Amino acid sequence: MAEKEKFYITTAIAYTSRKPHIGNSYEIVLTDAIARYKRMQGYDVFFLTGTDEHGQKIEEYAENANCTPKEYVDKVSGEIREICDLLNTSYDHFIRTTDDYHEKTVQKIFKKLYDQGDIYKGEYEGMYCTPCESFWTESQLVDGKCPDCGREVKPAKEEAYFLKLSKYQKQLEDYIETHDDFIYPEARKKEMLNNFIKPGLQDLCVSRTSFKWGVPVSFDEKHVVYVWVDALSNYITALGYDTENPSEQYKKYWPADVHIIGKDIVRFHTIYWPIMLMALGEPLPKQVFGHPWLLFGEDKMSKSRGNVIYADDLVSLLGVDAVRYYLLSEMPYANDGSITYETIIERFNSDLANTFGNLVNRTVAMANKYFDGVISAPTAKADVDDELAQFALDTVKKVEKCFETYRVADAIECVLNLAKRSNKYIDETMPWALAKNEEDRERLNTVLYNLIESIRFIAVLLSPFMPSTSEKIFAQINCDVKNYDSLSSFGGFKAGTKVNKAEPLFQRIDAEKMLSEIAEKQKASVEEEKVEIEGLAEIKFEDFEKVELRVAKIIECEPIKKAKKLLKLQVNDGSSTPRQIVSGIAPWYKPEDLIGKSVIIVANLKPAKLCGEMSYGMILAGDTADGDVKVLFVDGLDAGTMLR
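Residues numbered from 1 in each chain as written. Predicted model: local features only at pLDDT ≥ 70, side-chain atom pairs only at ≥ 80, totals over all residues. Heavy atoms only, no water.

J.: Hey, could you run me through the sheet that holds strand β7 (residues 154-163) in this one?
T.: In a beta sheet, neighbouring strands are held together by backbone hydrogen bonds and run either parallel or antiparallel to one another. Spatially, β6-β5-β7-β9 is the arrangement adopted by the 4 strands of the open sheet, whose pairing is antiparallel. Edge positions in the sheet fall to β6 (134-136) and β9 (204-205), since each of these pairs with one other strand and no more. Bridge count between β7 and β9: 2 bridges; the pairing is antiparallel. Bridge pairing in β9 links Leu163 to Leu204. (Pairing = 2+ DSSP bridges. Helix = DSSP H or I, 4+ residues; strand = E, 2+ residues; numbered from the N terminus.)

In structure tokens, the structure reads:
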């Protein structure tokens, strides 16, 4: 038997800051669909995902959570893996950058690059963005803020090691221009070349001394290896790469066939990572696909913004396959996709319940009603049958073409169109009318055979997208001919098979009822967090000492939809990252009245969820005699000032 052709596919490893939202989960489901499709085609697939667990942000999160960094990342990495499993993703390996083998290999990679002169010691001085863990020059800032995330930056200077990007600039530029398939989509390629590479690459800071939570540089332990060398190396350390004796698994699967990543980290994967590999003398990945973002309505989904939907919440409402279907079908190829509860329910009812579900349900029901479930070989053919058969065969080719360039939403639309064409075939042939005449019995059987066969095609083609639904369809039509090769001809369903009982694949959702229930849950979450103070009670001085009052400057402010009294604020409290606070002051203040103002906050208040938004503190305000509310402004005091 000939050895299968390998296919190595990866996601970007998820950062272990907090539980991932549904926008983060899109990537793992997208990658899973591609991996499942390639397996179905007969490839030897290795699918890698995992978590990125080092850095200054993790150190700070852990400190705020009163635990060690390792305890913190263990918890969040576990949550990320649970979501991968919940969404029925078929990864072959889940790497953690705190894995011992990874850390040891990263040290070897760093030492090799240093020994051969590609990493050198120097000093970095610039503007530093802690959330992005990036240094910037003054000219790179946008309105004085980080060009990537728009947050505040601060001057920083420290000793560091640098990777010689400039040494490999011409080699990388030539590679990208001569390998048309390296960066997908095409717009990402042009952006990298014109905006970053051709203007000139600056050497990259690859170590830090200002924090300790990272892989120590083996020959200079006051330094830790910075995220670029650490996190990006996971794609080869997971396979058993070693600078001296790479494993057989590494030799088999590397180079990666495709890295599936978000569009915001294309630069790291098409500039930093290829140059690291060039310096190591290793092959470059064949392709890097930068997918767009999944937005909440029209806004980027972000934990700091608070407009987050989580995968487990959606699954509890709709089921795993419905969530997978929405994620894969709603995201355009190059533009950002959108998710709202309203559109999810709409697609569920129209595509899943009406189109796929109705086709399978009424076809299997008719087979049971007219032939006691037994479908014989087709003997009374008509031209319309050939049209359906050809549509099914063409669909297979179209899906294959879509997957060649990872147009997964287009691929799933092709399968949906086959279901629509099959429903149209029912209207064209009118089985209920054929059933009235005994002389049309053979024709009726042929029609039902063709429908069952078309449904078999659909079940095979749906398996990468909705694996559980695919199996349910096969169970209903009692078919075990599931292999991809069987789609080379129309007629693979075994004549004489008795189908099983028809059961709805998807029950239609009462949109108004579900949206009302969601709104009630959001309202209940507000009520749960309300603290009613019935009277005054004396406290001791040590009790007062527990309250941390801090000056904070309001940098962003916006209303919360469906919450007339609440405003969502991002404040600078002197920490390295903005703090989100939700405050019930909307009846008295407009956002534009607050931006730029300094206020007093209770900084160590237990976090609360208000109308679905997380609040990490409280703004001090007072009630006036006429029922007004006045916020205590303290303009003139620096952000972060502690009040005693």
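Let us keep going from here.
J.: Looking at this structure, how should I read the nonpolar core?
T.: Within soluble globular proteins, side chains that are nonpolar generally end up buried alongside one another. Counting residues in hydrophobic clusters, the biggest one holds 109 residues, and the most contacted among them are Ile9, Ile22, Ile34, Leu314, Leu318, Phe356 and Phe465. Here this core takes 14 residues from helix α13 (residues 341-371), the largest share from any one element. Contacts of Ile34, omitting those with residues within four sequence positions, involve Phe7, Ile9, Ile260, Phe403, Tyr406 and Val408. Counting residues in hydrophobic clusters, the runner-up holds 65 residues, among them Phe46, Val227, Ile261 and Leu284. (Core = buried A, V, L, I, M, F, W, Y, C linked by side-chain atoms within 4.5 Å. Buried < 20%, exposed > 50% of the residue type's maximum accessible area, 1.4 Å probe, protein only. Contact = heavy atoms within 4.5 Å.)

J.: Help me out: how do you make sense of the sheet that holds strand β10 (residues 207-208) in this one?
T.: Taking strand neighbours across the sheet as the criterion, the 3 strands line up as β10-β12-β11 in an open arrangement whose pairing is antiparallel. The sheet terminates laterally at β10 and β11 (215-216), the two strands that pair on one side only. Examined bridge by bridge, β10 and strand β12 (residues 224-225) share 2 bridges and lie antiparallel to one another. Counterpart to Ser207 in the pairing with β12 is Val225.

J.: When you look at the pattern of salt bridges in this model, what are you seeing that I'm missing?
T.: Side chains that carry opposite charge are capable of pairing whenever their charged atoms lie near each other. Within the structure shown, the criterion is met by 42 salt bridges. Glu53 is the salt-bridge partner of Arg96, the closest N and O atoms lying 2.6 Å from each other. Here Arg96 is found in strand β4 (residues 93-96), whereas its partner Glu53 is found in the loop between β3 (44-52) and α2 (56-64), with 43 residues between them in sequence. As far as burial versus exposure is concerned, Arg96 and Glu53 are alike and both buried. Between Lys121 and Asp220 there is a salt bridge whose closest N-O contact spans 3.1 Å. Of this pair, Lys121 sits in strand β5 (residues 119-129) while Asp220 is found in the loop between β11 and β12, placing the two residues 99 residues apart along the sequence. Salt bridges sharing common partners tie together Glu53, Lys70, Asp74 and Arg96. (Salt bridge = Lys/Arg side-chain N within 4 Å of Asp/Glu carboxyl O.)

J.: What exactly am I supposed to notice about the packing of aromatic side chains here?
T.: The description of two aromatic rings rests on the distance between their centres and on the angle between their planes. The tally for this structure, following the rule as stated, stands at 31 aromatic pairs. Centre to centre, the rings of Tyr175 and Phe182 are 5.3 Å apart; their planes meet at 90°, and the pair counts as edge-to-face. Here a set of aromatic residues connected by ring pairs shows up, and it is made of Tyr8, Phe46, Tyr235, Tyr241, Tyr250, Tyr253, Trp254 and Trp273. One residue, Lys38, lies across the ring of Phe7, its end atom 5.0 Å from the ring centre. (Phe/Tyr/Trp six-rings, centres within 6.5 Å; stacked < 30°, edge-to-face > 60°. Lys NZ or Arg CZ within 6 Å of the ring centre and 35° of its normal.)

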